[in-house]
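What follows is each chain in one-letter form.
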Amino acid sequence: MRLVPLADRFDGLLIDLDGVVWIGREPVPGSPEALRALLEAGKRLVFVTNNPGRLPQAYVERLRDLGVAIGPEQIVTAGIAVARLAGEAAMAAGGTAFVIGGPALKEMVAATGPRLLEGDEAEEADVVVVSGHKDFDYGELKTAKFALDRGARLFATSHDPTMPYPGGELPGTGAVLAAIEVAAEKQATIAGKPEPHLFEMAKRAAGEGRLAMIGDRISSDIDGGRGAGLETILVLSGTTTREQAEAADPGPDHVLDDLAALLK
């Protein structure tokens, strides 16, 4: 009996980036070759990430540097998803937003219509949008709390506590968001994984057929993929160990060492 690679069961794949395709600046060994092989086999690939630190075109260019030729329509980020949600809420109110995050996230939110506020003026914002970034400080925490105390709505890209990095893990959006939620006694609307907003966008981009979600984190990739009605594939190249995968209930449908194992 001929063994069929797992990839052959699917028409399209939703693929996380951090911990699956690369860790920090370094590609996971075998991942570029696997992605090229999947594209050559006619698989529809959509890359989904809770990292809002770049515009889609930047991810396109980084993947092309690895020899993986895709278009920006194949990139769905939590930044895009949160910008749509928060932008709609802001424009239905007074049309202003305070964004805690990097330049790319601010650009995405502004593109949906709101006027971005800074400094003391931001305490009057209609929405507060949160993502982890290395320059987060007490001033941003204070401004967010005051805006939320005055009735602003709170949105965030994810609850991910960390993100993979060579030699360890960096604090993620969830760490920053926890401080804001505790200080303001408010709960954020999450746009990224595992919530449905990002998955709905990604499924539309992937089209019809049998789809699977591939990720390295059970709480976001696997739980979110299952909630979206997708078959789930956990890779062990990122944040989750095999022991954690085996202890998860419910767990992923498949557990692989890395992305390259899809083709074996």
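Bear in mind the structure is a predicted one, so any value in this text is a computation, not a measurement.

**Q** Before we move on, can you summarise the overall build of the protein chain with the specific residues and values?
**A** From N to C terminus, the protein chain includes nine helices and 15 strands. A compact globule built from 264 residues would reach a C-alpha radius of gyration of about 18 Å, and the protein chain, at 19 Å, matches this within 12%. A principal-axis box enclosing the C-alpha atoms of the protein chain has dimensions of 70 × 35 × 30 Å. The proportion of buried residues among the 264 residues of the protein chain is 53%. Contacts in the protein chain between residues far apart in sequence, at least 24 positions, make up 67% of those at least 6 positions apart. Carbon and sulfur atoms make up 51% of the accessible area of the protein chain, which amounts to about 11700 Å² in all.

**Q** Got a sec to walk through the environment of Ala245? Specific residues and values, please.
**A** With respect to the helices and strands, the residue Ala245 is situated in helix α9 (residues 242-247). The exposure class assigned to Ala245 is buried, which follows from its relative accessible area of 7%. A sequence separation of 154 residues divides Ala245 from Met91, and the C-alpha atoms of the two residues are 42 Å apart. Residues within four places of Ala245 in sequence aside, it is in contact with Ile218, Leu234, Thr240, Pro252 and Val255.

**Q** Lay out the packing of helix α3 (residues 78-92) against helix α7 (residues 196-206) in plain terms, naming residues and giving numbers.
**A** Two quantities define a packed helix pair, namely the angle between the axes and the distance from one axis to the other. It is the contact of α3 with α7, at a shortest axis distance of 9 Å, that shows an interaxial angle of 115°. With respect to each other, α3 and α7 are oriented roughly perpendicular. Crossing hand, α3 versus α7: right-handed. Between α3 and α7, the residues in contact are Ala78, Ile80, Ala81, Arg84 and Leu85 and His197, Leu198, Met201 and Arg204, respectively. Taken together, the residues that form the contact of α3 with α7 break down as six nonpolar, one polar and two charged.

**Q** Provide a residue-level description of the sheet that holds strand β6 (residues 96-100), including the pertinent values.
**A** With respect to topology, five strands assemble into an open sheet ordered β7-β6-β8-β9-β12, the strand pairing being parallel. If you trace the sheet from one side to the other, it starts and ends with β7 (115-116) and β12 (189-190), each paired once. In the packing of α3 onto the sheet, the strands contacted are β6, β8 (127-130), β9 (153-156) and β12, and the crossing angle to β9 comes to about 170°.

**Q** Give a description of the sheet that holds strand β15 (residues 254-256) that names residues and reports values.
**A** With respect to topology, six strands assemble into an open sheet ordered β5-β4-β1-β13-β14-β15, the strand pairing being parallel. A single partner strand is all that each edge strand has here, and the edge strands are β5 (75-77) and β15. Across the sheet, the axes of successive neighbouring strands diverge by a mean angle of 25°, strand direction being ignored. Bridge analysis of strand β13 (residues 211-215) against strand β14 (residues 231-235) gives four bridges, and the strand direction is parallel. Directly across from Met213, in β14, lies its bridge partner Thr232. The strands touched by helix α1 (residues 31-40) are β1 (12-15) and β4 (44-49); relative to β4, the strand with the most contacts, the crossing angle is about 140°.

**Q** Can you break down the layout of surface pockets residue by residue, with the values?
**A** There is about 940 Å³ of room inside the largest pocket. Around the largest pocket, the lining comprises 39 residues; the ones closest to its centre are Asn51, Gly53, Gly132, Met163 and Leu170. Listing elements by their share of the lining of the largest pocket, those giving two or more residues are α2 (56-65), α4 (103-111), β10 (162-165), β11 (168-171), α6 (173-184) and α8 (218-227). Considering only residue class, the lining of the largest pocket consists of 13 nonpolar, 14 polar and 12 charged.

Each value, and the rule that gives it
- Residues numbered from 1 in each chain as written.
- Predicted model: local features only at pLDDT ≥ 70, side-chain atom pairs only at ≥ 80, totals over all residues.
- Heavy atoms only, no water.
- Helix = DSSP H or I, 4+ residues; strand = E, 2+ residues; numbered from the N terminus.
- Rg over C-alpha atoms; globule rule 2.2 N^0.38 Å.
- Buried < 20%, exposed > 50% of the residue type's maximum accessible area, 1.4 Å probe, protein only.
- Contact = heavy atoms within 4.5 Å.
- Areas by Shrake-Rupley, 256 points an atom, 1.4 Å probe, with all protein chains shown as cover.
- Axes fitted to C-alpha atoms, helices over the stretch in contact; angles between N-to-C directions.
- Parallel < 35°, antiparallel > 145°, perpendicular 65-115°, else oblique.
- Left-handed = near helix turned anticlockwise from the far one by under 90°.
- Nonpolar A, V, L, I, M, F, W, Y, C, P; charged D, E, K, R; others polar.
- Pairing = 2+ DSSP bridges.
- 1 Å grid on protein atoms, 1.4 Å probe; cavity = no way out; pocket = protein on both sides within 12 Å on 5 of 7 lines; lining within 4 Å.
- Points joined across faces, edges and corners; volume = space filled by probe spheres on them.

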